[in-house]
Amino acid sequence: MNSHVEMEHHRGVLVVRLSGELDHHAADYVRMEMDEAIMRGQVEHLILSLKELQFMDSSGLGVILGRYKLIRSKGGKMAVCDATAPVKRLLEMSGLFKIMSLYDDESSALSDLEVAL
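In this text the structure is predicted, and so the values were computed from the model without any measurement.

## Considering the environment of Leu-61
Locating Leu-61 in the fold gives a position in helix α2 (residues 58-73). Look at Leu-61 and you get buried, because its relative accessible area is 16%. When the C-alpha atoms of Leu-61 and Val-30 are compared, they prove to be 12 Å apart, with 31 residues separating the residues in sequence.

This is the structure:
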């Protein structure tokens, strides 16, 4: 598997750091890991850090959109940070930034969600 998922909680915010590739081979694994963490913990908001994500296809977009819907159904917000140029371009073309914010880094996203480190 070419994808790695690292998660960290910050007072109701789940920060998910994805690395490698988020394609059809990795989508189910990433989806299950994130869903389990969201359902298990006291997660209000979700931040995706994509600094180390080199590639994403439409399966990855589906994973992100699905987690967005899940977080929104719980009354929370979702944000993306540190997107690499190719991943950022895909997210822009998909229109995802019309429904969620993009930040330069994790601390900016955390601050905006009122969870200062």
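Right, picking up where we left off after that structure.
## Some points on unusual backbone geometry
With a phi close to 40°, Arg-11 is a non-glycine residue in the positive phi region. Tracing the backbone through its elements, the reader meets Arg-11 in the loop between β1 (3-10) and β2 (13-22). Residue Arg-11 is classed as exposed on the basis of its relative accessible area of 65%. Look at Asp-82: it is not a glycine, yet its phi comes out positive at around 55°. Checked against the element boundaries, Asp-82 lands in the loop between β4 (78-81) and α3 (85-94). According to the relative accessible area criterion, Asp-82 is buried, its value standing at 15%.

## Section: the nonpolar core
The tendency in soluble globular proteins is for nonpolar side chains to be buried as a group. Ranked by size, the top nonpolar core spans 30 residues in total, and within it Leu-18, Leu-48, Leu-50, Met-56 and Leu-91 carry the most contacts. For this core, the secondary structure elements donating two or more residues are β2, α1 (27-40), β3 (45-56), α2, β4 and α3. Of the residues forming this core, the biggest block, six residues, is contributed by α2. Beyond its immediate sequence surroundings of up to four residues, Leu-18 is in contact with His-4, Val-5, Val-30, Leu-48, Ser-49, Leu-50, Glu-52 and Leu-53.

## So, the sheet that holds strand β5 (residues 101-103)
As summarised here, the arrangement of the five strands in space is β1-β2-β3-β4-β5, forming an open sheet in which the pairing is mixed. Each having just a single partner strand, β1 and β5 make up the two edges of the open sheet. Along the sheet, successive strands turn relative to each other by an average axial angle of 25°, direction set aside. Looking at chain direction, β1 and β2 are connected through eight bridges and run antiparallel. Along β2, the bridge assignment pairs Met-7 with Val-16. Against the sheet, α1 makes contact with β1, β2 and β3, and its axis sits at roughly 15° relative to β1, the strand it touches most. Along the sheet, α3 makes contact with β3, β4 and β5, crossing β3 at roughly 120°.

## Focus: the pairing of β3
Here nine bridges tie β2 to β3, and the two strands are oriented parallel to one another. When the bridges of β3 are listed, Val-16 appears paired with Leu-48. The parallel pair β2 and β3, bridged by α1, forms a crossover whose chirality is right-handed. Taken together, the four bridges between β3 and β4 define a ladder with parallel strand orientation. Across the sheet, Ser-49 pairs through a bridge with Cys-81, a residue of β4. Viewed along the sheet, the connection from β3 through α2 into β4 turns out right-handed.

Cut-offs used in this document
- Residues numbered from 1 in each chain as written.
- Predicted model: local features only at pLDDT ≥ 70, side-chain atom pairs only at ≥ 80, totals over all residues.
- Heavy atoms only, no water.
- Helix = DSSP H or I, 4+ residues; strand = E, 2+ residues; numbered from the N terminus.
- Buried < 20%, exposed > 50% of the residue type's maximum accessible area, 1.4 Å probe, protein only.
- Core = buried A, V, L, I, M, F, W, Y, C linked by side-chain atoms within 4.5 Å.
- Contact = heavy atoms within 4.5 Å.
- Pairing = 2+ DSSP bridges.
- Axes fitted to C-alpha atoms, helices over the stretch in contact; angles between N-to-C directions.
- Right-handed = clockwise from strand over helix to strand, strands pointing away.

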